[in-house]
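# Coordinate inspection notes
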Amino acid sequence: MLTLVLLFGLALLTACGSPASSSDPNSDASAITPFDTLAPLPPERKKESTAATRVHPEAIGSYAGAFEAAEYDENADFVYANKITIFIDSFNVTTAFGHSVVAGNLRSFSGPYKEVKEGLEITGKEPGDDRYDGVFTFVLNSEAGLLKGTWKANNNKLPVTGRTYELKYRRFAYNPNLDLPEDVLWDALYEKHAEYAGEGEFLTQDVFKYNPSKEALTRQQVENMYKGDLEVMRNAIYARHGYSFKNRKMRFIFDRYVEWYMPVSTDIRGDLTPLEKKNIDLMKRYEEHADRYYDVFGR
Amino acid sequence: MPEQRLGTGLFTALRQINYGEGALLLAYAWFCWLMWEITRQYIPWNDDVAFLRIKQEYMGLAYYRQAFFVHVYASIICLPAGFTQFSPGLLKRAPRWHRVSGRIYAFVAVFLAGPSGFVIGLHANGGPTSQLAFCLLAILWVYCTLKGWHTARKGDIKAHRNWMIRSFALALSAITLRAWKVGLVAAFHPRPMDVYRIVAWLGWVLNLLIAEWIIRRRVFINANK
């Protein structure tokens with residue numbers, strides 16, 4: 001248990017280490033694309049560039065949905081479906097630029113595109129310096145707001161070497177009023193090393209009691225809550241900011257049951273409001289205390 | 001030579017321990033070790049560790065901080081009394097052990113651990129329910145220990161024994177309330193503050209009832225001899 005919390009903390013820390021990840025994809029997606037279409041170009045290329053900026057402006061945007069395993073090693077430990085957001089950031093004459101955010105990973109891609117009957121067919125290669133990099137091939141129908149395609153891993157020894165997806169156009173906006181749906185009560189919380197099958201820890205109605213993005217929590221409000229409820233309540237703050245969870249326990253909840261959740265970033269620390277930061281600190285103290293002392297001799 | 005008598009007395013008393021008493025003493029030793037492990041978290045002085053991580057709103061109060069550390073460091077000194085004070089053999093063969101150990105216990109309980117327990121009890125987690133439980137516990141502990149002290153000085157051994165049985169039963173609440181917590185959590189998975197409120201009472205009221213039963217049983221046995 002403690003290791004899970006620690007791992008999550010570590011994941012947060014390491015995820016925050018990447019400078020690219022601090023960008024807000026809606027306001028400034030170009031910051032992470034290698035080619036800036038808005039930068040002034042030499043005169044001889046001017047014509048080309050005006051053409052380029054006019055290439056499919058309607059296609060720019062973000063598309064979210066399930067990223068489902070299609071080719072996989074049945075005996076391996078993997079996650080069948082994660083929530084993914086694919087951002088189409090820019091185009092030039094020959095190349096499309098974008099990035100994806102899934103399972104705590106933000107990866108850019110780029111590659112050729114062509115017009116097909118349903119829209120644009122884009123082949124986006126990830127840089128290739130990450131173990132989990134691969135190639136996206138999808139058709140983008142911006143009129144219907146649909147993005148549909150496949151992803152193939154570069155490394156064919158991974159547990160999942162191919163995934164499919166049908167994503168819908170969706171614009172991310174932080175909204176503190178979003179509440180957790182009742183559906184989060186359906187499953188036991190994920191434990192990597194569950195001691196006994198069926199001995200899962202479930203959430204309770206408490207998890208809906210407060211929205212720590214909206215109201216200041218008091219000690220009295222949180223001290224009698226179960227650790228699991230506190231943990232999900234706290235992580236809902238990160239989810240509202242579009243944080244992409246590396247940690248499976250949280251991913252399983254937010255990816256599966258929280259419709260409004262959309263992963264857009266791997267570092268949201270700078271986006272947290274002072275109220276949220278205060279609540280996070282309070283909840284974390286009680287979570288850590290429960291984690292260490294709830295079932296042992298002591299207080 | 002008193003030192004020599006002290007050592008041989010202890011040795012003879014140890015040899016007279018039967019299996020039941022031995023098991024009890026071992027169990028007690030194990031719980032004392034657990035209490036020491038808890039105390040050790042606060043060595044060296046650190047006011048943002050363990051239990052104090054969820055008491056930060058009181059860390060600004062100097063008297064709370066001081067009372068907390070007095071309680072943690074002093075209370076542990078009361079536990080060894082459990083090994084020495086209830087052995088008739090030791091009392092008979094090396095009464096000095098009983099007196100020295102008893103004085104340390106009584107002094108620490110009455111002047112350090114008891115009053116500091118009262119002060120931190122005022123700010124106990126779990127609201128008025130547990131605050132009342134801990135404050136009452138502190139008052140009763142100091143009262144019973146004082147009574148036991150005075151009756152010893154007066155030479156009223158029977159009353160001294162009874163008051164000290166009560167006093168030590170209350171001191172044991174440090175162990176029993178934590179043991180109850182482990183048991184209740186394992187059996188019912190209660191909410192953290194619910195279990196805290198329950199053990200705040202269960203931890204010493206039951207001890208006191210058992211103490212009264214022990215006292216009355218002895219009176220009854222003696223009357224029927």
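This write-up is about the structure you can find in this document.

### Observations concerning the interface of chain A and chain B
The interface is formed by 19 residues belonging to chain A together with 31 residues belonging to chain B. Between chain A and chain B, the buried area comes to about 2,500 Å², and carbon and sulfur atoms account for 52% of it. The interface formed by chain A and chain B holds three salt bridges in total. Residues Glu-288 of chain A and Arg-53 of chain B are paired through a salt bridge, measuring 3.0 Å at the closest nitrogen-oxygen approach. Ranked by residue count, the leading element in the side of chain A that touches chain B is helix α7 (residues 274–293) of chain A, at six residues. Of the residues contributing to the side of chain A that touches chain B, the split by class is seven nonpolar, four polar and eight charged.

### Overview of the environment of Thr-137 of chain A
Residue and element names in this part refer to chain A. Inspection of the secondary structure puts Thr-137 in strand β6 (residues 134–141). On the basis of relative accessible area, Thr-137 is assigned to the partly exposed category, the value being 29%. Along the backbone, Thr-137 and Thr-123 are 14 residues apart, and their C-alpha atoms lie at a distance of 4.5 Å. Residues within four places of Thr-137 in sequence aside, it is in contact with Ile-122, Thr-123, Lys-148, Gly-149, Thr-150 and Tyr-165.

### Some remarks on helix α10 (residues 192–223) of chain B
What sets the pattern is the α-helix's 3.6 residues per turn: residues three or four places apart point alike. Residues and elements named next belong to chain B. In this model, α10 (32 residues) spans 46 Å end to end at C-alpha, consistent with the 46 Å of a helix rising 1.5 Å per residue. Along its length, α10 shows its largest kink, about 30°, at Val-199. Taken residue by residue, α10 has Met-193, Val-195, Tyr-196, Val-199, Ala-200, Gly-203, Trp-204, Asn-207, Leu-208, Ala-211, Glu-212 and Ile-215 as its buried positions. Taken together, the buried residues of α10 touch α7 (128–154), α8 (157–171) and α9 (173–188).

### Comments concerning the environment of Pro-274 of chain A
Along the chain, the position of Pro-274 of chain A falls in helix α7. The exposed category is assigned to Pro-274 of chain A, whose relative accessible area is 69%.

### So, α9 of chain B
Compared with an ideal rise of 1.5 Å per residue, which puts 16 residues at 22 Å, α9 of chain B spans 21 Å between its outermost C-alpha atoms and is within 8% of the ideal. If you check which residues of α9 of chain B are buried, you get Ser-173, Ile-175, Thr-176, Leu-177, Arg-178, Lys-181, Leu-184 and Val-185 of chain B. On its buried face, α9 of chain B sits against α7 of chain A together with α2 (19–40), α7, α8 and α10 of chain B. Residue His-189 of chain B follows α9 of chain B closely and has a positive phi angle near 50°.

### Side note on the pattern of salt bridges
A complete count under the given rule lists 20 salt bridges over all chains for this structure. Between Glu-212 of chain B and Arg-166 of chain B there is a salt bridge, and its shortest N-O distance comes to 2.4 Å. Here Glu-212 of chain B, found in helix α10, pairs with Arg-166 of chain B, found in helix α8; they are 46 residues apart in sequence, far enough to count as distant. The exposure class assigned to Arg-166 of chain B is buried, which follows from its relative accessible area of 14%. Within this structure, Asp-281, Arg-285 and Glu-288 of chain A together with Asp-48 and Arg-53 of chain B form a network of salt bridges that share partners.

Cut-offs used in this document
- Residues numbered from 1 in each chain as written.
- Chains lettered and ligands numbered in written order.
- Predicted model: local features only at pLDDT ≥ 70, side-chain atom pairs only at ≥ 80, totals over all residues.
- Heavy atoms only, no water.
- Contact = heavy atoms within 4.5 Å.
- Buried area = accessible area lost by both parts, 1.4 Å probe.
- Salt bridge = Lys/Arg side-chain N within 4 Å of Asp/Glu carboxyl O.
- Helix = DSSP H or I, 4+ residues; strand = E, 2+ residues; numbered from the N terminus.
- Nonpolar A, V, L, I, M, F, W, Y, C, P; charged D, E, K, R; others polar.
- Buried < 20%, exposed > 50% of the residue type's maximum accessible area, 1.4 Å probe, protein only.
- Expected span 1.5 Å × (residues − 1).
- Bend = angle between axes of the 7 residues up to and from the residue.

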